[in-house]
Amino acid sequence: MLHYFIGNLGHFFVITSFVAGLAASFTYWRATLAGELHLQNQWLTNGRVAFVTHGVAVVGIIVTLFVIIYRHYFEYHYAYSHSSLHLPGQYMISCFWEGQEGSFLLWMFWHVVIGLVLIRNRQSWEAPVMTIFSLVQAFLASMILGVVIPGLDLKIGSSPFILLRDAMNDPIFALQPNFIPKDGNGLNPLLQNYWMVIHPPTLFLGFALTLVPFAFAIAGLWQRQYVEWIKPALPWTLLGGAVLGLGILMGGYWAYETLSFGGYWNWDPVENAVYVPWLVLIASHHTMLIYKNNKTALRLSFVLVLSVFILILYSTFLTRSGILGDASVHSFTDLGLSGQLLLYLLFFTVGAIILAVMRWKEVPFSEKEVGTYTGEFWIFLGAATLCLMGFQVLVPTSIPVYNKIVEIFGGRSNLAPPANQVEFYSKIQLWFAAVVALLSGTAQFFWWKKMDRAAIKQEIVSPLLITLILFALLLLTSRITNPSFMVLAIAGLYIVVSNAKVLYRTWKLNPKLSGGALAHIGLGLMLIGILYSAGYSKVVSLNNTGLLYNRDMGTEFNRDNLLLFVNEPRTMGGYDIEFLGERLEPVNKRGYVKRRDVEETMDPFKVIARRDIMFKSNKLYSAKDTFDIYPENTFYEIQLSREGKVVATLFPRVQQNPAMGGILPSPDIRRNLDRDLYTHVSAPMNREAEPEWSKVEELRVKPGEKFFVNDYVAILEKVQRITELPGVRLTDEDVAVKIIIQVQGEHDTFTLEPAFLIRNREEVGRVPDESGELGIKISLLNIYPDANEFLLGLQTRQKDWVIIKAMEKPLINILWLGTGLLMIGFSVAMVRRFRE
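Residues numbered from 1 in each chain as written. Predicted model: local features only at pLDDT ≥ 70, side-chain atom pairs only at ≥ 80, totals over all residues. Heavy atoms only, no water.

Novice: What is the right way to look at the environment of His72 in this model?
Specialist: The topology assignment puts His72 in the loop between helix H2 (37–70) and helix H3 (77–82). Classification of His72 as partly exposed rests on a relative accessible area of 22%. Placed 42 residues apart in sequence, His72 and Arg30 show a C-alpha to C-alpha distance of 45 Å. Ignoring sequence-local partners within four residues, the contact set of His72 consists of Ser83, Ser84, Leu85 and Met92. (Helix = DSSP H or I, 4+ residues; strand = E, 2+ residues; numbered from the N terminus. Buried < 20%, exposed > 50% of the residue type's maximum accessible area, 1.4 Å probe, protein only. Contact = heavy atoms within 4.5 Å.)

Novice: Please explain helix H13 (residues 298–320) as it appears in this structure.
Specialist: Since the α-helix turns once every 3.6 residues, residues separated by three or four places project in the same direction. End to end, H13 covers 34 Å across 23 residues, agreeing with the expected 33 Å (1.5 Å per residue, within 8%). Following H13 by one or two positions, Gly322 has its phi on the positive side, about 85°. (Expected span 1.5 Å × (residues − 1).)

Novice: For this particular structure, what's the right way to read helix H9 (residues 195–209)?
Specialist: Given a rise of 1.5 Å per residue, 15 residues ought to cover 21 Å, and the 21 Å separating the end C-alpha atoms of H9 matches this to within 8%. Among the 15 residues of H9, twelve are classified as buried, and the element is accordingly described as predominantly covered. The set of residues buried in H9 consists of Trp195, Met196, His199, Pro200, Pro201, Thr202, Leu203, Phe204, Gly206, Phe207, Ala208 and Leu209. Structurally, H9 contributes buried residues whose contacts are with helix H4 (92–96), helix H5 (100–121), helix H10 (211–222), helix H11 (230–258), helix H12 (269–294) and H13.

Novice: Before we go on, may I ask you to explain the environment of Tyr4 in this structure?
Specialist: By secondary structure assignment, the location of Tyr4 is in helix H1 (residues 4–33). Given a relative accessible area of 38%, Tyr4 falls into the partly exposed group. In this structure, the C-alpha to C-alpha distance between Tyr4 and Ala787, residues 783 residues apart in sequence, is 72 Å. Ignoring anything within four residues of it in the chain, the contact list for Tyr4 reads Tyr76, Leu163, Arg165 and Asn178.

Novice: I tried to follow the side chain of Glu257 on my own but got confused; where do I start?
Specialist: Relative to the helices and strands, Glu257 resides in helix H11. On the basis of relative accessible area, Glu257 is assigned to the buried category, the value being 17%. Only 3.2 Å separates the side chain of Glu257 from the side chain of Trp195, close enough to count as a polar contact. At 3.0 Å, the side chain of Glu257 forms a polar contact with the side chain of Arg671. In this structure, Glu257 is in contact with Asn193, Tyr194, Trp195, Pro667, Ile669 and Arg671, ignoring residues within four places of it in sequence. (Polar contact = N/O pair within 3.5 Å; in protein donor to acceptor, adjacent residues only side chain to side chain.)

Novice: Explain the pattern of salt bridges to me, please; I cannot follow it from the model alone.
Specialist: Under the definition given, this model contains 20 salt bridges. The salt bridge partner of Arg48 is Glu126, with a shortest N-O separation of 2.7 Å. In this pair, Arg48 is assigned in helix H2 and Glu126 in helix H6 (residues 126–142), connecting sequence segments 78 residues apart. Residues Arg48 and Glu126 agree in their burial class; the two are buried. For the salt bridge of Asp597 with Arg611, the shortest nitrogen-to-oxygen distance reads 2.6 Å. With a gap of 14 residues between them, Asp597 in the loop between strand E7 (593–594) and strand E8 (598–600) and Arg611 in the loop between strand E9 (606–609) and strand E10 (613–615) connect regions that are remote in the sequence. Here the salt bridges do not stand alone but share partners, grouping Lys594, Arg596, Asp748 and Glu773 into one network. (Salt bridge = Lys/Arg side-chain N within 4 Å of Asp/Glu carboxyl O.)

Novice: I'm lost on the pairing of strand E11 (residues 618–621) in this one. Help?
Specialist: Note on strand geometry: in a regular strand, side chains alternate between the two faces of the sheet. Where E10 and E11 come together, three bridges link them in antiparallel fashion. Bridge pairing in E11 places Met614 opposite Lys619. Hairpin geometry of E10 and E11 is characterised by an intervening segment of two residues between the two adjacent antiparallel strands and by a positive phi of about 50° at Lys616. (Pairing = 2+ DSSP bridges.)

Novice: Mind showing me how you'd approach the sheet that holds E9 here?
Specialist: Paired through their backbone hydrogen bonds, the strands of a sheet run either parallel or antiparallel. Strand order in the open sheet formed by three strands is E8-E9-E12, and the pairing between neighbours is antiparallel. Each edge of the open sheet is held by one strand with a lone partner, namely E8 and strand E12 (626–628). Each neighbouring strand pair of the sheet contributes to a mean axis angle of 40°, computed without reference to strand direction. (Axes fitted to C-alpha atoms, helices over the stretch in contact; angles between N-to-C directions.)

Novice: Before we go on, may I ask you to explain the sheet that holds strand E19 (residues 697–701) in this structure?
Specialist: Read from one edge of the open sheet, four strands run E19-E28-E27-E26, paired in antiparallel fashion. The open sheet is flanked by E19 and strand E26 (769–771), the only strands paired with a single partner. Strand-to-strand twist across the sheet, computed as the mean angle between neighbouring axes with direction ignored, equals 25°. In terms of strand pairing, strand E27 (residues 776–784) meets strand E28 (residues 789–796) through eight bridges, oriented antiparallel. Among the inter-strand pairings, Leu780 is bridged to a residue of E28, identified as Leu792.

Put into C-alpha cells, the structure is as follows:
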C-alpha cells in the first residue's frame, strides 16, 4: 500500500515554508520602512508570526521526511535512495542529509533556530536583519519546492517527497504502478561512521551562522547605521568561526579515520570551498576587532563580512551544481538545480555589491595613521595574509567554473586543476601559515595600544630566545633539513611561546581575557603537529624484495607497499608484519569474526557460526548461531611485532562501495602518545576471480592417519553420516557422509569437511572443502569400505594474500591537542563577547 498522506503532508509543509518565508521577509521589510511606532510594531508582529509559521513548517518537513526514512517507505525516491532495512538505527539520521534535499533542510533548520534567537532578543535590529534572514530562507525553501510552473515547463526545486515511480523511468512501473521495492539502496557505507552523524550538522550550523554578520552588515548599510552593527555582529562572527572551524576539523578527522590517502586534508575542491570562507571569516573577525578598539578598518570589515556569506553561496554552487564533475569525490550530483543555485548566488552577490557601492562614500573612514608599532598594523597584516591564503586556494579550485564560462560564450578552455593538488597547495599554504603565525605571535603583545621600539623589543626578545632554543633542540632530535619546514617550525614555536607569555599575563589579570591567547597557542600546536605528521610521516611497509606488483601503478605504489601472504611474517621498517587472515564484522557485537568460522546463507546479511566463535578470549557466538554481519566490509587482521613483542594488531577495512567506484579501503590506526601507526589495504585479493588450483593429487588415507598437503600436517580424524548438505536437498534414500580433517597451520588448527553423496546407488556427488589461508582444497573422491580407506583429491594454490601500506605518523597528537585548545580559546572569547 502506498503511503500518500505522509508525502502530501510533507509537500504541504514545503509550500507553507516557502510562502511563510516570503511573507516574513515582506512584513519585516514593511516594519523596517514604517515610520510610526505603532505601524512598525504591527508589522513586526506579523513578521514574527510569519517566521514562526515558517519555522513550524520546516520542522514539519523534517519530521515527515524522517518518518518516511525510518518507516522504510520505499515508494518514495528519497527513502529508496538513502536507506535500507539493514541500516543500523544510529545511522538513520545520516540518511536525512545524505541527499541534497536533506542537507538544504538541515541548513534551513539551523537558520530557523538562529532566527528565533534573534527575534527573542527583540533588539532594534530585528526588522532589517530578519528581512534578510527570511529572504534567504525563502530561497532555500525554493530548492526543495519541487513544483512545475504550468505552460513554462519550468521546474523549481527538487522535492524530497517525490514518488519513486515519478523519479525513475523503469518499465516495472508501467506494469505495476503501485510497485514498492522490498529494500532500498541504503546509505553509502562510507558515511556509516559516527563522525558523519555529527560532522554535517556542525558544518551546516557554521554555514548558517555566517548569515548573521552578513545580515547585520546589510542592515547597517541599508539603515545607514554604519558603525552600530559591529557590536551585535561581532560575537556571531566569532561563534561562526568556531563552529565552522570545528566542522572542518571533524571532516578532517573523519577523513583520517575513514579514507586511505594517509592524511586528514586532501585539498579536494569541496574541502577548499569550505576552507576559503572560514579563512575570510577569521580575517573579518579580526578587522571588526580593530574597528571596535581603534575605529579603523570599518570599510574592510564590510567587505570581508559580505564576502564570507557570498563565498558560502559560491561553495554551495560549486558542490551542488555538478560543475565540479569528477574533480571532487564529495560533490553532489546535479539535480537540475544549477540555474536556481546560480540565481541564489547572483541575487545576494549583486544586491550586496550594489548596496555597498551606493553607501560607500557615507561609510566612515579613518585617516588616522596606523603605525608599525601598533596592534592594528600587525592584525591588519594577518587578516590580509588570511585573505591571500584563501585567494590562492580559490583561484585553482574555480577552474571548472572558468572553463564552463568560456564554453557558454562559444570558446574552449584547456585549463585543468592541479594534477597533484596536495603538493600544489601545501607548498604555498605552508608559507602563508608561517607568516600568519609570526604576525599573530607579535600582534598579541600590543594589547590594543601603541608601543615604542624599546618596549616592543623588550616584549619580543625573551620569546624569540626561547623559540630559538627550542628550535635548536628540534634540530638535534628531529634532523629537520627542509628550509620551508624550518621556517614553519620556528613560526609554530614562536606563536606558542609568545602567546604562552600573553596567557600568563592575562590569566593573572582576568581569565576571561585569555581566549585569544589560547586559540593562538592551539594554532601553533596545530602547525607543529601538521609539520611532523605530514612532513615526516615514515613508511614502514617498504618493498625490498624487488617484486613489481603492478606496472601500471607507478614507482611509489610498488616501493611503499608490502605483499603479505597469510601467516607469513615479513620484517620491514623495524617491525615484523604478519597478515593473519580475513575477518568479518558482526552487527551487534564488538569484535571480529574469522571468515572461515562462518557459513554463508541466502541472505548476504546473515551467516551461521560453524563453531564457537571467540574474540580476545570473549565468546561472541555459539556453534550454529545465526547472526547479522555487514557484508560490504572485509577486515584484514595485520599484526605488527618488534623484538618478539606484539606492538599492534590492526584491522584495516576494504569496503564494496559501488557509489564510490567499487572497492574502497579504510585504515586502522594504533594510537600512541608520540605517534600513530597507520595501516590500510592497498590491493586486496580478488575473491570473485576463480583461483588457479593445481592438478588433483589422489591419496588413499585411513582414519587416524597423518598426511601432508601443501607442506602442512593433516590428519583424517573421523567420518560421519550427515542429513544436511549446503545447496543440496537430501531424501531419506540418499547417503551422504563427510570426513573431518584437521590441518595444523602456523597458528591455528583448521578443520576441513569434504562431503560425499550417493543417490540412487549410482549418482555420486562430491562437495569439496577448501582453505584459502592454507591454499588447499580437499575432495572426497571415493570410499573403500573393505579397506577402511578414503580416496582424497588434494589441490593447492597460492595462499590468501593482501598488499598493505603501513606508516608512522609522528607527533600527530600535538595536532589534535592544538585543535582542542583552538576550540577552547574560541569558546572563552565567544562567551565574553556575548556577555558584552
